[in-house]
Every structure is written in structure tokens, then in C-alpha cells.
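# Residue-level structural notes
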Amino acid sequence: MLSHKDLEKEQLKTLKKVVKHFENGLPLKNVAQITKILNLCAEKMNEQEAFTEPLCELIKLFGLPFHKKKSSDEQNYSVEVSQSIAQLGYLMRVPSSQVKIQICKSIVSFYNMELPGKLLSGYQPTSANYKIQMAEEGLAEALVLSLALVENQLLEKLWVLKALQHLSTSGKNCRQMVKAQAASRFCLYLNGADPSGQLVFRSSEILWNLLENASKEEVVNQLRSLECVQALKEAFLELLTGGFHHCDHQLRNDLLVIATLLAENSAVPMIESGFAELLIVLATFTEVKLSNPLVKGFKFTYSYEDFEMKKLLFNVIRLLSKDPSAAQLFSENHVMPALLYYVKRNQNLGSPGWSATQYEELQLQAIAVLASVVPVLVDKYLSCQANTLLLVFLEWCIGQDPFFGRGNSFHGTGGRGNKLAQMRYSLRVLRSAVALYDDAVSINLCDQGAIRQLLDILKYAADISKEKEDTLLLEIQADVLFILSVLCENDVHRKELFSYEGTGILIQFFKMDPRKLYSGLGHNCLLLSALDCLWSCVVGCYIAEDSFIEKQGIFLLLDLLALKEKNLCNIILGILVEFSDNPKTTLHMSIWRGKRDQTAANLLIQLWRQEELDLGVRRDEDGRIVDTKRPIVTSFQKQQKVIPLPASCPSFAIMEISESIRAKVYSLFCKLGFENLPGLSAKDFVTLAIIQHYIDFKIGEVWSEICAELKEEFRPLSSDERTLKIISKVSENTGKTVVALQNEVLERQFRHKIQEEKKTYKEIQATLTQRELINKSWENFLTRTSNYEALKKAKVLQETLIEASRAKSKIHSRPEHSTDIPKLHTTVRPGRFVTVKNAPRQHGGGPLADTDHALRKSSVCKEALKKIKRDKTLDSVKKKSVPVEEMMFQRVLY
């Protein structure tokens, strides 16, 4: 029997054989067995240190390539392999520095895998990412927890951080690390003692990966403690003042990015830790040129890393401006003057230290940040004459100075070869300032002629956009319109100033092609801004209103309303209601005609019907009222339970007035009138009856809510209850009256329709009768031409009719003309033209002596007919010179 010492030697010898056997790689089927051996060796190490070396050699096997016999082995052994790799993390509890370092080295080798020089017979290496995928099942969390075991061991700590740095490239591993509160632990390592600098480098890299690959909110929440922010500040300050190498500057900027992400969360104590003040001073000290002990010894080298840091610092100011408590820091550290330093014309030369491209990028970002800072530093904004600087700068933007923007940065988008980017962000600053509705800001702007200058800018941008439209130009125009809206609102004098040129410019926006609203460039926003400007700058000033109406503005608004865009209808109707106080408005609305000769009244009724359809108001197929008790109630109101409200709180019936367009449509009809409206059908009149009684129905609706609230709270007195019933009955009777009127309109339409049908039937019947007469006449004609007996009968009938038409009393001393032409052998009626000639008068005067004159003078008749055919008119025949006075008559014989 072997002794304990011999047994130990035998075991060590066997372990060496195992290591030797798998020196070219570990088959997947043996991984679980090797893991069991590892656990046994780890237990032996607690008693015998001789197993340390074999344990490290076995751990090295995990750093070698895994081998598979079949392609399906990777899937079949995935559970055993992932559990075995996770077990490496738990082996970190072994009290051996050598073992811990070897575990980390093996994990790092997962990401730097090299193929073995010799493959196992019958095996092939697994895929390159197989180990990395298998390491995503608990290994990262175990390593994070193991950091507590190496807090005072710098070398081991650095190796663990190196392994975690590789593992943190996976989102799944990052989520496991966050679960183990890794973010706060790594942040505290930032200012740990490490002469090599690897501790801060690897910790910052892991924090970066956690922020990118895991939940940013959870990571920031772990870093929000004062200790973490303080550690970040000290590490940043150390690199700021003590870092001289290129890598130090890069690491400094990485920490600044992390600080930027923390500054986005107002709960992070950036101000309390003093970190915010340090960053603000660092961002502004080159512009204000005031010494500050916080940045003593620091100088800008104007390298690319310093340029990036400058942009990051400006961004920190923008983020801190969202916190009202930062206003004092901004004021004390001269943030406003530092940002206004860049509001000046660009000379294309840059500034000392920065290239022209870098200076332009800083200039645009500084002006963009200024727009965020203005709301918290209004007093400083006015005291620094910011309005004046901005107006002068905008004047330069539309001037002819030779300047061509590079447009290289995010803020320079669309500004290449022009000054549009500078104009865009300067207008944003003005927009941010006037949006405060501070009278001092507005007065200061208007006193410097801002309205006229803004109109010039608006015209300038509109002219450019005619050639090429893009998002930048549309945004500039929208911002100018908003600024004008705020400046002119509630001030008639400013509206008059606006009206001289502004109404003409506004009109152009309302002539916009409707198809552009769906382009996605921002035309929709621009049109809404123009409508808002119209409401604020024109409505309420008769001079401006008349100017707008004379330029056919009401027609254009109705054209836009006819588009039936949901987001436009409400505001356009509101504007028309405001304009309706001007008597010219109703006249123009009455004159307007849309497509297919549509009238304004018909358009408003269509909008009303569509609104009720969207609101779920009950109507029958003819548009009549269905519920006479609640004729205009919406489906949403029906779903609401009875909630007693105080008198100062509006009920659902009242709130519906402001949210719906029905009240506006009713107001417009009150101006247009409810009678003698052209272009309306019977269905329109049915809807019009409801619109006419809208206010009555709304009053009844409010009373209905009052009754429901009273019954919910308590029981009314008998007299009050009778009064409430009478009021409800009145409302219901109004509904019934309207229904009766609607029925009468529909009945009248039905009768009119019947009359039209009868009239149409009579016309069809007359047409058929006429066609029968024509056919019969043709048949008679054919009979006369083919049957001589029928012709004789027709001749006898004709003579009878002629004789019957003669006068009964004969006229004396007058000739009698025969209606027959002797020796005529035709079977048809005489021709269309008959020539009658007066014979020469005999001595003593008297009638024609020869009654057979027409027969003997046939040659003269023929000549006369030739003349008629040639000259085509009766007057031409009269002008001919003949020996006998002649007169021509035309008669159509049927």
C-alpha cells in the first residue's frame, strides 16, 4: 500500500501525463472531465502546495483550442463547456496569486486564439468565436465578484481587469457585470495608486463598454454617488495637469465623455462635487482670460485632443443648463461673455491656435450652446447686449461678404459654401430668448428694428429656397416666423410695422404646393409657423387685416382648408373666426369657390360631418339626429363616468368645445348666416339644421351633466327636480324640432326628385312621339312616290286644305293666283323657293291682266333663282337692275 507521500507523487505524475496528452488542444468531450480534475486539485491545494503547478498547467489547457470530432459537437457539448468555463471564475477563490493570474491569462487567450501546430488525429478546431460565446454564461459576473479578493494585490487586480476588459465587449457579459454592481467598483479604481497607469486605463475602458453595451440608465445610476463622481473628477484633474503624452490626452477625453453622460442625469451630484465648476472654468477661461486656481498650470496646446476636449466642454455646459441650480455657476464663471465671444463675423482666418475649420466648428457649437444657456441667464443676456450682437451678426449673414463655410461638423450641416449654418444657430438663440416672453427682451429687440430685419432675413431665405429647398432653409424660415409671432403678439403698433411687407411675404407661404406637405423636409412645420404668425401678427390690426384680405388671403386660407388636413383645420378655422369680425371676410367667404364650384358653406358642412364621424356622434344614413336627448354627444363622453367637479374645473362638455372644430364652424355660420346659402344639397341642409342649434344642444348637454352630478351627490328638492326636468324637456323638444325640420327637408327633396323624374319621363315620351311622326311622314312620302293613286289622294287633300284656307269673301279688282303648275309630272311637293313677279300695269292701272303670267315668264323665274343661289341673300337680288319691279319671297313647304 502506497504511503501518503508516494500517493501524492503518483497523482502529480498522472496530472503531468494528462497535461502532456492534451498539449495540442482539448477535445470537447473531455472538457467536463478536466473541470472535475481542476476542482479536485483546487481542494488539494488547500493542504498541499505541490498541486499549484499542475493546477496552473491544467488551467492552461483552457487557453488552448478546443477540438471537435463532428460539427454537431459544438451544440451537443455547449452546456458542459459553458459550465466548465464559468467554473474558472469560481476558481478565483483559490488562495494563490499564480492560479489567479493563470485563469486571467487563459480567459484573455480566448480573444487571441492561435491554431496549434499539430492537430489531434480525427479532430478539427472549433469555430473562432466558440469559446467567447461559451464564456457568456456567468464568467464575467464571477470575475467581478472576485475583485474583492484582490483589492490589495495590484498585479492580480490588473490581470482581472484585463480579462474583464475583453469580456466587456459582449453585451451579455456587460449586463452580468452591471448586475454585480461593476460600474461603481471600476469608477472607484480610477484614482487608485498605480505607477503604470493601467488601472485608470482599463477601468475607464470597461466603463465605456458598460455604457455602450448595457443599460446606460442602470450604469449611470450606479455612478451617481458622490464618491464615484469625486473619483472621476480627481482622475480627470490628474490627467489634465499631469498628463503630457498623447495617450494621456486621449484618456482624459474618455473620462470627459463619461462625465458628459453623467451630467445628463440631474440626480448625479456634479455641482456638489465641484466637478461642474471645474468643467465650466475649463470651458471658458481662454475666452474670458481670467486666472482661476482650478486650472492653474494648464495650457491649451491646440492639438486635436484639445480641440475635442473644447467641444466636449461646450457640450457639458449645454447639459448643465438644464439644471436651474447651475445658473449661479454660469454667472460667476462668465459663461455668457465666453459664448458671445464667438458671435462675430468669421474672417476665414480662424483664431490664434485654431485653424479656420476648427474655429468655425467651435463658433457654431458655442452659438448652439448659447441658445440653451439664455433661459437661465436672461439678465446677463441683456447686460451683455446680446441682442445687438446677434442682429449685427445676422446682418453679416445676409450680406455680400466673401465667406464660404466648410460645413464639416454636425452643426455645420448644410452650411458649406454659405453662411446659412451661422444664421440658423443665431436665430435659434433669438428664438430661445423671445420664447421666454420677457418684455425687456422683446422691447430691446424691437427698439433696434428687429421686425424689419427679420422680414429681410425671411425674404432672403424664401428667395434662396425657390432655387433649392432643404431642411436648413425651411427651419430658418420657421424660426423667423416664430420670433415675429412672439414680438407682434398683443401689440398693434408692431403689427402695423409688420403689415407693410410682412403680409405679402406671408401670402407666399399659403400658396405652397400641397404635395410638399408630404415631402418630409419640414414644409408642414413651416406652414403651421406661417399660420401662427398670421394669427399673431395680422389678426387684431385692421390695417394688417385689410392688407391680407386684399391680397386674397381669405381665398388662400379656404383653399388650404379644402385640403381637409387634420392638423391644419383647427388652426385655420380659428383664424377665420378671428377674421370674421372684419366685414370683408364674410364677403370673400361668400364669393370663394373651390373645386367643382364648391362653396364655403358646403366645405364647412363637410368638415362638420367628418368631425362628427371621427368623434363617434350618432347619425342615421341621411345625417339626421338619432338621440334627441343628447344630439351632439360624442362616444368618448358617453364612456365617461359621472365625476363631480368643482365650479372652476371645466367638464367634458366644455372641454370638448376647445378640442373640437364644431364650435368654430358654428361661429363662422353665425357670420355667414343660415339662410340663402348657395351650393347646398338637401343633405347639407339636414346638417345645417344641427349646426344652427349647436349652442342650444350644448346648453342642454351641460345641464345634463349638472343633473347627473347632482344625483350623484344628493337628491334635489322637488321644486328643483321639476325645474331640471323642464330644462331637460326643453332640450329634448329642441332636438325633436330639428328632427321634424330635417324630415321636412328630406320630404321636400323627395317630392322635387319625383317632379324631376316626371319631367324627364315627359321629355322622353315627347322624343318618342316625334320620332314616330318622323317615321310616319317618311312612310307617307315613300307611298306617294311609289303609288300613283296615293299621290292623287294626297293632291286632292292638299287642294281641299288650300281651298279651306282661303278667305270666304273675295277681294274685288284683285287677280286670283292659281296654286297649280300645269303639265307638272313630279310626285313630290314643290321646291323651297317660289318666285312671284308683278306684271306691267295696263292703261288706267289695275291688276295683272294675264293670270297665266307665271307660266309664260318661266325664263325670268329661272334667272331669278340663279341669282338667289349665287348671291345667297335677298338684298343682293334687290340690287339687280331689271326692267320690271320684282320681289322675292321664300317659303318652306312641309
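As the structure is a prediction and not an experimental result, all values here were calculated from the model. (Residues numbered from 1 in each chain as written. Predicted model: local features only at pLDDT ≥ 70, side-chain atom pairs only at ≥ 80, totals over all residues. Heavy atoms only, no water.)

## Observations regarding the overall build of the protein
The condition that has to hold: Secondary structure elements are defined from DSSP: runs of H or I of at least 4 residues count as helices, runs of E of at least 2 residues count as strands, and each element is numbered from the N terminus. The classification of residues rests on relative accessible area computed with a 1.4 Å probe and restricted to protein chains. Under 20% of the type maximum is buried, over 50% is exposed, and intermediate values are partly exposed. By the convention used here, residues are in contact when the closest approach between their heavy atoms is within 4.5 Å. What sets the accessible areas is the Shrake-Rupley method with a 1.4 Å probe; for residues, cover comes only from the shown protein chains.
Looking only at helices and strands, the protein has 43 helices and five strands in total. In the protein, buried positions account for 46% of the 894 residues. Partitioning the contacts of the protein with sequence separation of at least 6, the portion at a separation of at least 24 is 75%. Carbon together with sulfur atoms contributes 54% to the accessible area of the protein, which is approximately 48,300 Å² in total.

## A word on the pattern of salt bridges
We apply this condition: Each salt bridge in this description consists of a side-chain nitrogen of Lys or Arg and a carboxyl oxygen of Asp or Glu lying within 4 Å of one another.
What the rule picks out here adds up to 35 salt bridges. With a shortest N-O distance of 3.1 Å, lysine 68 and glutamate 74 are connected by a salt bridge. With respect to class, lysine 68 is no different from glutamate 74; both count as buried. Several salt bridges converge on common partners, so that one network encompasses Glu612, Arg619, Glu656, Arg662, Lys698 and Glu701.

## Description of the sheet that holds strand β2 (residues 66–68)
Here is the rule: Pairing between strands is defined by DSSP: at least two bridges between the two strands are required.
The strand order across the open sheet formed by three strands is β1-β2-β3, and the pairing between neighbours is mixed. Here the strands that pair on one side only, and so sit at the sheet edges, are β1 (26–27) and β3 (124–125).

## With respect to the packing of aromatic side chains
For the record, the criterion: Geometry of aromatic contacts follows a simple scheme: Phe, Tyr and Trp rings, the Trp one being its six-membered ring, pair when their centres are within 6.5 Å, and the pair is stacked under 30 degrees between planes, edge-to-face over 60, tilted otherwise.
Scanning the model with the defined rule gives 18 aromatic pairs in all. Ring centres of tyrosine 341 and tyrosine 342 lie 5.2 Å apart, and the angle between their planes is 90°; this geometry places the pair in the edge-to-face category. Summarising the aromatic geometry, the rings of phenylalanine 548 and phenylalanine 579 are spaced 5.4 Å apart at their centres and angled 25° between planes, so their arrangement reads as stacked. On the criterion of sequence distance, the pair formed by phenylalanine 548 in helix α29 (residues 542–550) and phenylalanine 579 in helix α31 (residues 566–579) is long-range, its members being 31 residues apart.

## Focus: the confidence of the model for the protein
Just so we agree on the cut-off: Per-residue confidence from the predictor is given as pLDDT, running between 0 and 100.
Looking at the protein, pLDDT values average 84 and 88% of them are 70 or higher. Long-range and interchain partners of residues 842–894, a stretch whose pLDDT sits below 50, account for 48 contacts in this model, where long-range means more than four residues apart.

## Here's the deal with helix α40 (residues 788–805)
Spelled out, the test is: Expected span, for any helix, means 1.5 Å times one less than how many residues it has. This arc is taken over the directions from the axis of the helix to the C-beta atoms.
Its 18 residues give α40 an end-to-end C-alpha distance of 26 Å, which sits within 8% of 26 Å, the value for a rise of 1.5 Å per residue. Those residues of α40 that sit buried are Ala790, Leu791 and Ala794. All buried residues of α40 fall inside an arc of 100° around its axis, so they share one side. Exposed and facing more than 90 degrees away from the buried side of α40 are Tyr788, Lys793, Glu803 and Ala804. Buried-residue contacts for α40 involve α39 (718–786).

## Overview of helix α10 (residues 171–179)
Cut-off, in case you're wondering: In the analysis that follows, any N or O atom pair within 3.5 Å is treated as a polar contact, provided that within protein one partner can donate a hydrogen and the other can accept it, and provided that, for residues neighboring in sequence, both atoms belong to side chains.
Within α10, the full set of buried residues consists of Asn173, Cys174, Gln176, Met177 and Val178. Taken together, the buried residues of α10 touch α8 (139–146), α9 (154–167), α11 (182–188), α12 (198–213) and α13 (216–223). In this structure serine 170 caps α10, since a side-chain oxygen of it lies 3.4 Å from the backbone nitrogen of lysine 172. Two residues or fewer after α10 comes glutamine 181, characterised by a positive phi angle close to 60°.

## Thoughts on the environment of tryptophan 208
Structurally, tryptophan 208 can be placed in helix α12. Classification of tryptophan 208 as partly exposed rests on a relative accessible area of 21%. Counting along the chain gives 47 residues from tryptophan 208 to leucine 255, while the straight-line C-alpha distance between them is 9.0 Å. Among residues more than four places away in sequence, those in contact with tryptophan 208 are Asp254, Val257 and Ile258.

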